[in-house]
Every structure is written in C-alpha cells, then in structure tokens.
Amino acid sequence: MNTTLERLFAQTTSESDDVRFSAWMQIYQSDDPKAKAFLEQVASSGQISQKVLFCKFLGFLEDEYSARILVDLICDTEPLVVHQAILAFDKNNFQRRVYFLLPVLKAPLKEAQVFAVNKFCLESVSEAVHPVLDMLKQADEDLILEILSGLRFLADKRLFQDLKIYLGHPNERIRWRAIMIYGSLYETGVTRARRLLVRRLSDRSAQIRRSIIWTLRRNDDRRNLRLFLKLAEQDPDPTVRQEALTALGRFPSKTVIKNLVKLLVKEKNRMVVLKGEAVLLSIPTKQLIIGLKNLLTYHDKFVRNKVMIMYAEFQKTSETFFAFLIKELKKTKSDMDKIPIIESLGLLGNKAAIPQLEKLLAESPLLSYTSMMALLKIYGFDKSFPFLKYSQEVKLSALVRQIVMKHFIKISDDSMYNDEIVTHCMSLLSNTNLNIRYLATQILSKVQDPKVLVPFFKSFVNEDDPTAFRLLKENIHRLVQSNPKLFEVLLQNFYDHDIGVLQIFLIMKEANLNKNALLQIIKSCLSLPLLILNKTCAPSFIELVFTYVLKERISITDIIALQCEPGQKQQLLKGLLGHIKRYKRKKVVIGEHHVETWYSDQDEPEQKQIIIELISHTTGIESIRFLIDLYYKENNQPLKQSIRDSLNLLLEPTHD
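Residues numbered from 1 in each chain as written. Predicted model: local features only at pLDDT ≥ 70, side-chain atom pairs only at ≥ 80, totals over all residues. Heavy atoms only, no water.

### What to know about the overall build of the chain
Turning to step 1, where the next piece is worked out: For the chain, the count of helices and strands is 40 helices and zero strands.
Turning to step 2, where the next piece is worked out: The C-alpha radius of gyration of the chain comes to 47 Å, more than 25% above the 26 Å expected for a compact globule of 656 residues.
Turning to step 3, where the next piece is worked out: Dimensions of the chain along its principal axes, counting C-alpha atoms only, are 135 × 100 × 40 Å.
Turning to step 4, where the next piece is worked out: Expressed as a percentage of its 656 residues, the buried residues of the chain come to 49%.
Turning to step 5, where the next piece is worked out: Contacts in the chain between residues far apart in sequence, at least 24 positions, make up 64% of those at least 6 positions apart. (Helix = DSSP H or I, 4+ residues; strand = E, 2+ residues; numbered from the N terminus. Rg over C-alpha atoms; globule rule 2.2 N^0.38 Å. Buried < 20%, exposed > 50% of the residue type's maximum accessible area, 1.4 Å probe, protein only. Contact = heavy atoms within 4.5 Å.)

### Describing the nonpolar core
Turning to step 1, where the next piece is worked out: If you look at the biggest cluster of nonpolar residues, it comprises 213 residues, and the most contacted ones within it are Leu101, Leu151, Leu163, Leu248, Met372 and Phe387.
Turning to step 2, where the next piece is worked out: What Phe387 contacts, discounting residues up to four positions off in sequence, is Val404, Met405, Phe408, Ile421, His424, Cys425 and Ile443.
Turning to step 3, where the next piece is worked out: Counting residues in hydrophobic clusters, the runner-up holds twelve residues, among them Ile615, Leu639, Ile643 and Leu647. (Core = buried A, V, L, I, M, F, W, Y, C linked by side-chain atoms within 4.5 Å.)

### Brief notes about the environment of Tyr438
Turning to step 1, where the next piece is worked out: You can see Tyr438 is positioned in helix α27 (residues 434-444).
Turning to step 2, where the next piece is worked out: A C-alpha to C-alpha distance of 8.4 Å links Tyr438 and Leu472, two positions 34 residues apart in sequence.
Turning to step 3, where the next piece is worked out: Setting aside chain neighbours within four positions, we find Tyr438 in contact with Thr467, Ala468 and Leu471.

### Regarding helix α25 (residues 398-411)
Turning to step 1, where the next piece is worked out: A rise of 1.5 Å per residue sets the reference length of α25, with its 14 residues, at 20 Å; its end C-alpha atoms lie 20 Å apart and thus fit the reference within 8%.
Turning to step 2, where the next piece is worked out: In this fold, the buried residues of α25 make contact with α23 (365-379), α24 (387-391), α26 (419-428) and α27. (Expected span 1.5 Å × (residues − 1).)

### Regarding the environment of Leu486
Turning to step 1, where the next piece is worked out: Along the polypeptide, Leu486 turns up in helix α30 (residues 486-494).
Turning to step 2, where the next piece is worked out: Linking Leu486 and Thr557, residues 71 residues apart in sequence, is a C-alpha distance of 25 Å.
Turning to step 3, where the next piece is worked out: With sequence-adjacent residues up to four places away left out, Leu486 is seen in contact with Pro450, Leu453, Leu479 and Val480.

### A look at the packing of α25 against α27
Between two packed helices, the angle of one axis relative to the other and the distance separating the axes together describe the packing.
Turning to step 1, where the next piece is worked out: Contact geometry of α25 with α27 gives a least axis separation of 10 Å together with a crossing angle of 15°. Classified by the angle between their axes, α25 and α27 sit roughly parallel to one another. Our pair here, α25 against α27, has a crossing hand that is left-handed. Contact residues: Ala398, Arg401, Gln402, Met405, Lys406, Phe408 and Ile409 in α25; Asn435, Ile436, Leu439, Ala440, Gln442 and Ile443 in α27.
Turning to step 2, where the next piece is worked out: Here the contact of α25 with α27 is composed, by residue class, of eight nonpolar, three polar and two charged. (Axes fitted to C-alpha atoms, helices over the stretch in contact; angles between N-to-C directions. Parallel < 35°, antiparallel > 145°, perpendicular 65-115°, else oblique. Left-handed = near helix turned anticlockwise from the far one by under 90°. Nonpolar A, V, L, I, M, F, W, Y, C, P; charged D, E, K, R; others polar.)

### Observations concerning the packing of aromatic side chains
Turning to step 1, where the next piece is worked out: Per the stated rule, a full pass over the model turns up 23 aromatic pairs.
Turning to step 2, where the next piece is worked out: Pairing Phe160 with Tyr182 gives two aromatic rings, centres 5.5 Å apart and planes at 80°, and the pair type is edge-to-face. You can see Phe160 sitting in helix α10 (residues 159-162) and its partner Tyr182 sitting in helix α11 (residues 172-187), a full 22 residues away along the chain.
Turning to step 3, where the next piece is worked out: An angle of 85° between the planes, with centres 4.8 Å apart, marks the rings of Tyr311 and Phe321 as edge-to-face. (Phe/Tyr/Trp six-rings, centres within 6.5 Å; stacked < 30°, edge-to-face > 60°.)

### Describing the pattern of salt bridges
Turning to step 1, where the next piece is worked out: The full count for this structure, using the stated rule, is 29 salt bridges.
Turning to step 2, where the next piece is worked out: Here Arg250 makes a salt bridge to Asp220, at a shortest N to O gap of 2.9 Å. With Arg250 in the loop between α15 (238-248) and α16 (254-266) and Asp220 in the loop between α13 (206-216) and α14 (223-234), this pair connects stretches of sequence that are 30 residues apart.
Turning to step 3, where the next piece is worked out: With a relative accessible area of 38%, Arg250 lands in the partly exposed category.
Turning to step 4, where the next piece is worked out: A salt bridge links Arg241 to Glu267; the nearest nitrogen and oxygen atoms lie 2.9 Å apart. (Salt bridge = Lys/Arg side-chain N within 4 Å of Asp/Glu carboxyl O.)

### Re the side chain of His169
Turning to step 1, where the next piece is worked out: Turning to its location among the elements, His169 is positioned in the loop between α10 and α11.
Turning to step 2, where the next piece is worked out: Residue classification places His169 among the buried residues on the basis of a relative accessible area of 16%.
Turning to step 3, where the next piece is worked out: In terms of polar contacts, His169 uses its side chain to reach the backbone amide nitrogen of Asn171, at 3.0 Å.
Turning to step 4, where the next piece is worked out: Sequence-distant contacts of His169, that is, excluding residues within four places in its chain, are made with Glu141, Ile174 and Arg175. (Polar contact = N/O pair within 3.5 Å; in protein donor to acceptor, adjacent residues only side chain to side chain.)

### Considering the packing of helix α32 (residues 515-526) against helix α34 (residues 537-550)
Turning to step 1, where the next piece is worked out: As a packed pair, α32 and α34 sit with axes 12 Å apart at the nearest point and diverge in direction by 160°. In this view, α32 runs roughly antiparallel relative to α34, as classed from their interaxial angle. Pair α32 / α34 crosses with left-handed handedness. Judged by residue contacts, Leu518, Ile522, Cys525 and Leu526 of α32 engage Phe541, Val545 and Tyr548 from α34.
Turning to step 2, where the next piece is worked out: The residue inventory of the contact of α32 with α34, partitioned by class, reads seven nonpolar, no polar and no charged.

### Structural notes on the side chain of Glu463
Turning to step 1, where the next piece is worked out: Topologically, Glu463 is positioned in the loop between α28 (453-462) and α29 (466-482).
Turning to step 2, where the next piece is worked out: Engagement of the side chain of Glu463 in a polar contact is seen with the backbone nitrogen of Asp465, the distance being 3.0 Å.

### Focus on unusual backbone geometry
Turning to step 1, where the next piece is worked out: Here Ala155, not a glycine, exhibits a phi torsion of approximately 50°, which is positive.
Turning to step 2, where the next piece is worked out: For Glu552, which is not glycine, the phi torsion reads 60° and is therefore positive.
Turning to step 3, where the next piece is worked out: Relative to the elements of secondary structure, Glu552 occurs in the loop between α34 and α35 (556-560).
Turning to step 4, where the next piece is worked out: Judged by relative accessible area, Glu552 falls into the exposed class, the value being 59%.

### Things to note about a positive patch on the surface
Turning to step 1, where the next piece is worked out: A contiguous patch of positive charge on the surface is contributed by Lys157, Lys164, Arg192, Arg195 and Arg199.
Turning to step 2, where the next piece is worked out: Its location among the elements puts Arg195 in helix α12 (residues 193-199).
Turning to step 3, where the next piece is worked out: When its relative accessible area of 59% is taken as the criterion, Arg195 is described as exposed. (Patch = residues over 30% accessible without salt bridge, like charges linked within 9 Å, V, L, I, M, F, W, Y side chains within 5 Å. Areas by Shrake-Rupley, 256 points an atom, 1.4 Å probe, with all protein chains shown as cover. Lys, Arg positive; Asp, Glu negative; His and termini not counted. Charge placed at Lys NZ, Arg CZ, Asp CG, Glu CD.)

### Structural notes on a nonpolar patch on the surface
Turning to step 1, where the next piece is worked out: There is a patch of nonpolar side chains on the surface, built from Tyr369, Met373 and Leu399 and spanning about 260 Å² of accessible area.
Turning to step 2, where the next piece is worked out: Looking at the secondary structure, you find Met373 in helix α23.

Here you go:
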C-alpha cells in the first residue's frame, strides 16, 4: 500500500483537529481507488468513533458525494453516529442535499426519520408528501406527533384528505396538530378547510377551540362573525371567549360594538372583560363613538350605563353630552341608576357639574362617595381644590373625608397651607377614626410651624396604632431637631404627665443635639420642681443625663457650671453619684476650679459629702491635690474621714 496513504489513514484519528482535518481532506481529494475504498469502509464499518470523526469532516464540504455519504450515515443504527451525521448534514453546504433524504424516511432510528420529515416540510419538498403520508400510516403516536408538527409547515393541499382521520383522534395533542395543519391550508387558500375547522369548534379541548378561532380570524371572512359572537358569549372556557372577542375586533361595526358591550355587561370573568374593553378601544375612534352614541338610549339599562361611561371618555368637551347627563341625573330616581351618570360626569371633567355633585354629598353613603370621587376627577391637580370646604362638611362620612384628605396630600404644596388648614388638621389629630388621625398627621408633616408640636405630642402619647405612632414620632423628631428649644415647650406643657415626660426623655436620647442644646434642656428640666421630684420621672431624667455623661456629650463639670438653684443641682448630682458608683468601668472628669467653687459655696455637710464622693470617682491629678488641701482645711471629722476614703480610692491602681 502507498505509504503516504497509510500515514494519512492513521492521522484520521489524530488528537489534533488540524492534522485530522488535513488527513481527511487529502484522502477525500485523492484519485487513488484505495482512498475511496477507505472512505466507504469507514462509512460502513462498526467503528463508531471513526464514523463520528468522518461525519464531522463531511460537514465542512459542499459537494454531492459528501451529502450522499451523510445520508447513509443518518441511516446508521448507532444513535451517536446518527446524531453527528444530522449535525453535519445541516452544516454541509451542498444546495440540493435535502432531496437525497427520501431513504431516511425508512431509517431504523426515529430521530433520523423525524429529521427527514422536518427537512422536507420546512423546505417544502413536494416530492416527499406521499412518502411522508405512507410513513404516517405506520407510525406510533409519538412519531405521528412529530410528523404532524412538521406537515404544518408544508401545507400541501394533497394533505387535505389523508389527515381528516386525525381531527377526531382520542389524543388531544394529535388533534391539535392536525387542526394546525388545516389552519395552515386555510391560510394558504384551501377554502374548503374552513368547514372542517368550524365543525371542530365543538371539540372538548379549549386549546383546540382557541386555535381554530385564531386561525379563522386571520382571514376576514364575514361568515365567521356569527361564530365569533356566539363563542364570545357561550363558550365555557374564558380563554376561548377572549380569543373570540379578539376576533370580533376584525369586524368594526355598529352591530359588533353593540354585541361587545352586551357581552361585557353579562360577562363575569375579569380577564374576559378586560379583553373585551381592549377590543372595543381598538376599533377606530370615529366608528366607536358613533356606535356608542346609538346605545345611549338602549332599552337595557345595564348596557346603557356601560355605554355612558365609555362614551364619556371620548366626549370630554361635548356640551351636548354634558347637558344630556345633567338631564338624566335629575330625572333618575334610583341611587344605583345615578351612579354611572355621576361617574360619567367625573370623566367629562366639566366644572359646571360641581354644584350638582356637591348637592349629592349629603345624600346616601353610596351617592356621597361616588360624587366625591367624581369631584376629585374634575378638580384633578388644580391647586384651587377647596379642601377645607369638603373636609369640614359635617355630613360627610369618615370614608369620604379620608378620600378628601388623601387627595389634598397628593396635590398639596407649601403654597396651599394656611393657618385655617393647619388649625383644622390639628383638631383632627384627636379624631376617633384612626385613618383620619393618620392622614391629618401626614398633612401636618409638611408644616414647619412649632405650634403643631404640642398637638402632635398630645396625640403621640395617646396613640395605640403602631403606624400612626411611628409617623407622629418622626414628625416630633423633625421639629425638635430643627429647633431644640422646642423641648422646653414640651416640658412646660407635659411636665406633670408621667408618660409624656418619659417619652420626651426618649426623644431627647435619640435626638442628635449639641452640648449647648443639651445643657439648656437639662436646665429647663431642673427648673420644673414637679418633674425632678416625681418618683417616676426623676430616675429616668437622671439616667438620661448619666447617659450623656458616659457618651461624653456633656461632663460633670458642665453640670456643676449650670446656673440654677443649688438644691436642684444637688438633686441631680446626688442621683448621678449613685449611677457613677454602680458604673465602675469608667471615671468621670471634673474640673478642679469648678469643684473648689462649688464646695466653697455649700453650707450643709450633706452637700459637701456629695462633692467629696463625686471626686473619688474622677480622674486627674487636680482632684488628688484638691482633696489633700481640703483634708488639712476641713475641721468636720466625718467629712475628713470621707476625704481620706476618697483619696484612697483615687490612689488605688486601676486597669482602665
């Protein structure tokens, strides 16, 4: 044998793609009979791996011989070979290769048969129609499904007679695929397919009925109109009714508009109603307006009411329609019948309707609610909206009042607030209705005026609802943060209210205030005797101040330096001393000068005792020096003992 060919034969299984491809190509292009014999041997041998590599190579070619070899390989019995041959066949560039696939219809593997059918159908190979139909007669259900799926794209009129048996097949999926084939035939001009499709509209499968409607509506055949009207009203499946409604959109006319509205009035399924409304709105506007106008006096009031509301959407500037609605409103007696008229007036947006609608606010809850909703639509985002007029209306229900307040929140800006509105909303903070209190808080949230603080806080301490409580607290925080002096206002108004004072302390603890603001508030607290002496509030106040000291937001020195009554300061420092004794992890800082001044100003031994004990918990050499000097100056023996004890504490080694 030619040594060159032997080397090439060996290289066809090389691990290198480039070497392997070069070897296959040289063998394929060789005129040596042995080369051709090698290729035929590979194609017919049982060596799967070599067949797979051969398939991969053939996919890069574009000649008849390569295509025919691939067809032989597609008919192989090994699934891996067949799969690779199919991929290579798709990649092969020989233009007429699909016509070589007829033998594949009888291939041993189903994958190969399905591939051939799909190729014939997608590329409309008419020569394959009869062979595929013959194959269909022998196929199992799975293969029938695959073949019918492909034949849909072939849509050859020769299929018409042979596929009828599948329209009544027990398997729904097979029936559906057959229906889709006849739908394709109908679309391509085989008009006799329509009769078969119409007959199958009684099929028990909603999917099939829906698909038939989809097919029929693609052809503007007016014979279908009556079918669509019937199905839109009577079919038990809502998705089929939706498809029928969509089909009706192909026939815009007065009759269709009337029937669509009638169907929508009777329909219970929300999705079907939405579809019907969408179809109505898809009708050209001019035709739709004419069709709706003819139904404004229709004998069925439900249809008439539906039409009235829809018609209003297109007649916003019509004075004639406005006059018609006002006339209808005056002569209508039933509240329920007035509702669509009121809604239509709201949609029109004509401000001339406002007096008529305002009269209805004092009527039944239903009319009051509907009228207010219509009024809000008329006003829209108009800044002249008379919020106070409606909010103060005594006959309004709580629900309608809430609607008014929500609308004001939505449209309001700083320019719309005045003293009267603020005063009114402050009065609503104590309303028995939780939602009204919450909405009043929202309205007042835009007000920076300090006068809202006390009403806010009063409502805050009495509020049980967590959401309203949080909103009130946020607004109180906002006000006091911007103006810390407002804490004094709160203290002056609520100093004798235990719960109120405790809440003030909590807000103070959370507020981000500077040292001067904190000291001013502490001073204000000390000036309220009832507060500092209160058994509930005093401990909380002292604990709050101690927290400030620990966090070094203020110091003991700052407290000593406060200009206030000595007794008030002593009460606070005594309380702080108790906390300092219990809190041993950190010492406090007291300036020596302040201690000397303060000590020298005291007359009572008890007061001096507090100072000495405080010093024992301080840090710094000044405290030690001060106590040593004091020890030699002080004649009171109990005090001298306290000074000695404090010195011992100060001189103990620490591990801070």
